[in-house]
Amino acid sequence: MSEAGEPRPKPVDDGSEGGGSRANKGVWIRAFIYVIGFHVFAGFVMLLFYFGGRNH
């Protein structure tokens, strides 16, 4: 509540990238993409070590 005892207005979702529940959904999608991308990169590095170690 504000100083006068009135409830604060809810933030308005104006459709911009940083507003409302769309921003929360975007964060989860971006985090999911980063996690998948990191696993693909880590798998590629593991394959490099695997094939590099077979030649010795």
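Preceding this section is the structure that the text describes.
So, here is what we can say about the structure in this document. Because the structure is predicted, anything quoted here is derived from the model rather than measured.

### Quick word on the overall build of the protein
The secondary structure content of the protein amounts to one helix and zero strands. Per-residue burial over the protein gives 2% buried out of 56 residues. Of the accessible surface of the protein, which amounts to about 5,600 Å², a share of 66% is contributed by carbon and sulfur atoms.

### Observations concerning a nonpolar patch on the surface
Together, I29, F32, I33, Y34, I36 and V40 make up an exposed nonpolar region whose accessible area comes to about 660 Å². If you trace the backbone, I29 turns up in helix α1 (residues 20-54).

Thresholds applied
- Residues numbered from 1 in each chain as written.
- Predicted model: local features only at pLDDT ≥ 70, side-chain atom pairs only at ≥ 80, totals over all residues.
- Heavy atoms only, no water.
- Helix = DSSP H or I, 4+ residues; strand = E, 2+ residues; numbered from the N terminus.
- Buried < 20%, exposed > 50% of the residue type's maximum accessible area, 1.4 Å probe, protein only.
- Areas by Shrake-Rupley, 256 points an atom, 1.4 Å probe, with all protein chains shown as cover.
- Patch = residues over 30% accessible without salt bridge, like charges linked within 9 Å, V, L, I, M, F, W, Y side chains within 5 Å.
- Salt bridge = Lys/Arg side-chain N within 4 Å of Asp/Glu carboxyl O.

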